[in-house]
Amino acid sequence: MEVSISVNGTNHSSDVEPRTLLVHYLREDLGLTGTHVGCETGYCGACTVIVDGRAVKSCTMFAVQADGAEVRTVEGAANDAGLHPVQEGFWECHGLQCGYCTPGMIMSSIALLEENDNPSEDEIRHGIEGNLCRCTGYHNIVRSVQYASAKLRGEEPQGASAEVTT
Amino acid sequence: MYPPNFDYVAPASLDEALSALAGADNAKVLSGGMSLIPLMKMRLVRPTTVIDISRIPGLDAITDEGDHIRIGAMVRHAQTATDPLVNEHATALAQAAAATADVQVRNQGTTCGSIAHADLAADQPAAILALGATMVAASVRGTREIPAAEFFVDTLTTTLESDEILTAVKVPKGGKSVYRKLGRRGSDSDYPIAAAAAWVDASYGTISDARIAITGVSSKPYLATTAAQAVVGTDGSSEAIAAAASQATDGVVVLEDLYGTVEYRTHLASVYVQRALEDVLQ
Ligand SMILES: Cc1cc2nc3c(=O)[nH]c(=O)nc-3n(C[C@H](O)[C@H](O)[C@H](O)COP(=O)(O)OP(=O)(O)OC[C@H]3O[C@@H](n4cnc5c(N)ncnc54)[C@H](O)[C@@H]3O)c2cc1C
Ligand code: FES
Ligand code: FES
């Protein structure tokens with residue numbers, strides 16, 4: 001089936017089988033391997049991408065469902081000016097260890113901050129509930145999102161020493 | 001994990017979708033895909049035709065219809081959870097949608113899809129039962145309305161026919177409702193181990209009518225009729241609430257799994273009925 005999908009601002013017209021999952025289309029057809037495949041069942045969030053402004057799990061969506069949509073993946077997060085504030089936050093606050101969950105965490109965090117640029121700690125934890133991390137214990141991920149939130153609002157971001165209350 | 005191959009159609013109108021559904025042997029409706037796609041990947045269902053209804057205009061609306069609100073087939077969990085009409089007139093449904101899964105799943109999955117799928121522990125069906133909602137089902141044969149109390153038959157089984165699409169759910173206005181849940185992972189982000197929705201009409205002090213629905217406990221979300229009867233005609237005293245809670249699992253077979261034994265679930269059903277009633281009567 002012919003689909004036309006915009007990925008990180010570039011239009012792609014491709015012929016895909018209806019059963020091709022969006023994550024496999026991104027990784028195998030387009031070579032964008034930044035989006036990870038974890039559980040493949042919709043639970044871990046490693047495959048999270050943003051489709052028409054909403055975070056979704058690309059292992060649980062067929063590429064044909066994204067026909068005509070605008071997809072954003074972790075490859076599109078940084079620009080010529082440098083890392084996205086969320087990426088910078090993960091860097092500065094040690095928001096990753098093995099890095100497996102990181103692309104999904106970053107895309108969920110970007111979607112969260114686009115909806116609410118000043119989330120409480122509780123809202124951050126709820127916002128990334130669909131993303132599992134087996135390494136960090138989440139504290140530094142929360143700090144990373146707080147860092148990005150401050151930066152996006154033009155405030156002085158705090159580094160890894162910021163207080164997390166729970 | 002790939003499902004077997006299938007034909008994919010994305011009709012641009014409801015009529016086209018209904019004909020496609022009537023004309024195919026082994027077709028499945030795809031709305032949000034949050035249950036269908038995992039089942040297809042695990043090859044537990046193998047439709048030969050998948051009919052994606054997400055491109056049909058107009059199905060994604062929540063509208064005020066006077067004495068009820070109407071929630072269209074493509075209204076996603078996230079929209080149900082935050083919509084002002086749903087929050088005002090069908091609070092339990094808004095709360096159940098907000099407590100369904102995680103952000104990404106709520107962005108894709110639909111309220112009607114959750115009802116049509118009818119998982120034994122699904123959140124929103126309990127709210128639908130307590131609110132006394134009506135399902136609107138369409139097929140090439142016409143449209144019919146099914147009361148929630150007659151809709152859920154058994155695990156993953158409803159009274160929808162294989163050629164029917166659930167086009168909307170109609171929730172009557174009036175009364176007050178809440179949904180209270182204990183999720184499998186402590187927070188809400190997964191199916192409940194037990195949860196209760198309560199609806200009461202207490203406009204004149206005494207409770208003139210009530211409905212309580214429980215999910216996660218038995219083979220389907222169910223109306224706890226005797227429990228609800230225990231508070232009708234009372235002023236919602238703690239004795240009346242305790243009497244209702246003690247009858248939460250009357251007449252049903254309580255199931256057990258790795259998340260809880262029969263005793264634990266029976267206990268939880270009472271606790272959550274009590275909490276839902278306390279909240280709704282506040
Ligand atoms: C990680 C994860 C966590 C989840 N956690 C929860 C949870 O906490 N609580 C909960 O309740 N659910 C949970 N779910 C399930 C989720 O709510 C699904 O969205 C829902 O069960 C199905 O809705 P859908 O729109 O995605 O339907 P689909 O997956 O598209 O369809 C499901 C079934 O219903 C049929 N169907 C769908 N729409 C219609 C229609 N309009 N008319 C007729 N038939 C139709 C399909 O043919 C299919 O058989 C979870 C799912 C995932 C992946
Ligand atoms: S790989 Fe998609 S949710 Fe785990
Ligand atoms: S950093 Fe290893 S899973 Fe999150």
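Quick caveat, the model's predicted, so the values are computed rather than measured. (Residues numbered from 1 in each chain as written. Chains lettered and ligands numbered in written order. Predicted model: local features only at pLDDT ≥ 70, side-chain atom pairs only at ≥ 80, totals over all residues. Heavy atoms only, no water.)

Caption draft 1: Inspection of the overall build of chain A at higher detail. Along chain A, the regular secondary structure elements total 5 helices and 5 strands. Listing the helices and strands of chain A from first to last along the sequence gives β-β-α-β-β-β-α-α-α-α. Expected size for 166 residues packed as a compact globule is a radius of gyration near 15 Å; at 16 Å, chain A falls within 12% of this value. Each principal axis of the C-alpha distribution contributes one length, and for chain A these read about 50 × 30 × 25 Å. By residue count, 55% of the 166 residues in chain A fall in the buried class. Total accessible area on chain A stands at roughly 7,300 Å², and carbon and sulfur atoms take up 45% of it. Averaging the coordinates of the 10 positive side-chain charges in chain A and doing the same for the 23 negative ones gives two points 6 Å apart. (Helix = DSSP H or I, 4+ residues; strand = E, 2+ residues; numbered from the N terminus. Rg over C-alpha atoms; globule rule 2.2 N^0.38 Å. Buried < 20%, exposed > 50% of the residue type's maximum accessible area, 1.4 Å probe, protein only. Areas by Shrake-Rupley, 256 points an atom, 1.4 Å probe, with all protein chains shown as cover. Lys, Arg positive; Asp, Glu negative; His and termini not counted. Charge placed at Lys NZ, Arg CZ, Asp CG, Glu CD.)

Caption draft 2: Region of the structure containing the domain arrangement of chain A. Residues and elements named next belong to chain A. Annotation of chain A at the domain level lists domain 1 (2-76) and domain 2 (85-152). Just the C-alpha atoms count here: the centres of domain 1 and domain 2 sit 21 Å apart. Counting residues at the interface gives 16 residues for domain 1, matched by 14 residues for domain 2. Of the roughly 1,200 Å² buried between domain 1 and domain 2 on both sides combined, carbon and sulfur atoms contribute 58%. Three residues, His-36, Thr-48 and Val-74, lead the burial of domain 1 against domain 2; their summed loss comes to 36% of the area buried on that side. Across the contact surface, domain 1 and domain 2 share 1 salt bridge. Close ionic contact of Glu-114 with Arg-72 constitutes a salt bridge, the shortest N to O distance being 2.5 Å. Of all the elements in the fold, those that place two or more residues in the side of domain 1 that touches domain 2 are strand 3 (48-51) and strand 4 (54-57). When residues in the side of domain 1 that touches domain 2 are grouped by element, the largest group, 3 residues, is from strand 3. Tallied by class, residues from the side of domain 1 that touches domain 2 come to 8 nonpolar, 6 polar and 2 charged. (Domains from an automatic or database assignment. Contact = heavy atoms within 4.5 Å. Buried area = accessible area lost by both parts, 1.4 Å probe. Salt bridge = Lys/Arg side-chain N within 4 Å of Asp/Glu carboxyl O. Nonpolar A, V, L, I, M, F, W, Y, C, P; charged D, E, K, R; others polar.)

Caption draft 3: Looking closely at the pattern of salt bridges. All names here are of chain A. Applying the stated criterion to the full structure yields 14 salt bridges over all chains. Here Arg-19 makes a salt bridge to Glu-17, at a shortest N to O gap of 2.9 Å. The exposure class assigned to Glu-17 is partly exposed, which follows from its relative accessible area of 36%.

Caption draft 4: Structural detail: the sheet that holds strand 6 (residues 134-139) of chain B. Residue and element names in this part refer to chain B. Spatially, 5 strands are ordered 4-5-10-6-7 in an open sheet, and the strand pairing comes out antiparallel. Looking along the sheet, the strands with just one partner apiece sit at the ends: strand 4 (62-64) and strand 7 (142-147). Taking the axes of each pair of neighbouring strands and ignoring which way they run, one obtains an average angle of 25° across the sheet. Pairing between strand 4 and strand 5 (residues 68-72): 3 bridges, direction antiparallel. Bridge pairing in strand 5 places Thr-63 opposite Arg-70. (Pairing = 2+ DSSP bridges. Axes fitted to C-alpha atoms, helices over the stretch in contact; angles between N-to-C directions.)

Caption draft 5: Focus on the site of ligand 1. For ligand 1, the set of nearby residues contains 32 residues, the closest of which are Val29(B), Ser35(B), Leu36(B), Thr110(B) and Asp123(B). One chain alone does not account for the residues near ligand 1; they come from chains A and B. A distance of 3.5 Å separates an oxygen atom of ligand 1 from a polar atom in the side chain of Lys28(B). Contact distances for ligand 1 include 3.0 Å between an oxygen atom and a backbone N or O atom of Ala101(B). For ligand 1, the protein covers 96% of the area, taking 970 Å² as the surface of the free molecule. Going through the elements one at a time, strand 2 (27-30), helix 7 (111-117) and strand 10 (165-172) of chain B are the ones with two or more residues in the shell around ligand 1. Here the shell around ligand 1 takes 4 residues from helix 7 of chain B, the largest share from any one element. Residues belonging to the shell around ligand 1 are distributed by class as follows: 15 nonpolar, 12 polar and 5 charged. (Near = heavy atom within 4 Å. Polar contact = N/O pair within 3.5 Å; in protein donor to acceptor, adjacent residues only side chain to side chain.)

Caption draft 6: Fine view of unusual backbone geometry. One non-glycine residue with positive phi stands out, namely His94(A), at about 55°. Despite not being glycine, Ala101(B) shows a phi value in the positive range, around 50°. Summarising the element assignment, Ala101(B) is placed in the loop between helix 5 (91-98) and helix 6 (103-108). Judged by relative accessible area, Ala101(B) falls into the buried class, the value being 16%.

Caption draft 7: Quick look at the sheet that holds strand 13 (residues 209-215) of chain B. All names here are of chain B. Read across the sheet, 4 strands follow the order 11-12-13-14 without closing on themselves; strand pairing throughout is antiparallel. Lying at the two open borders of the sheet, with one neighbouring strand each, are strand 11 (176-183) and strand 14 (222-223). Pairing analysis gives 8 bridges linking strand 11 to strand 12 (residues 192-201), with the strands arranged antiparallel. In the strand pairing of strand 12, Tyr-179 is matched with Ala-197. Running at roughly 35° to strand 12, helix 11 (residues 262-280) makes contact with strand 11, strand 12 and strand 13 of the sheet.

Caption draft 8: How the structure looks around the interface of chain A and chain B. Of the residues lining the interface, 34 residues belong to chain A; the matching set on chain B comes to 33 residues. Counting each side, the surface lost to burial between chain A and chain B is near 2,700 Å², with a carbon and sulfur contribution of 53%. Summed over the shared surface of chain A and chain B, the result is 1 salt bridge. The partner of Lys57(A) in a salt bridge is Asp102(B), with the nearest N and O atoms 2.6 Å apart. Inspection of the chain A/chain B interface yields 15 residue pairs in polar contact (both at pLDDT 80 or more). Contributing elements (two or more residues each) for the side of chain A that touches chain B: helix 1 (22-29), strand 4 and helix 4 (121-127) of chain A. In terms of residue count, the dominant contributor to the side of chain A that touches chain B is strand 4 of chain A (4 residues).

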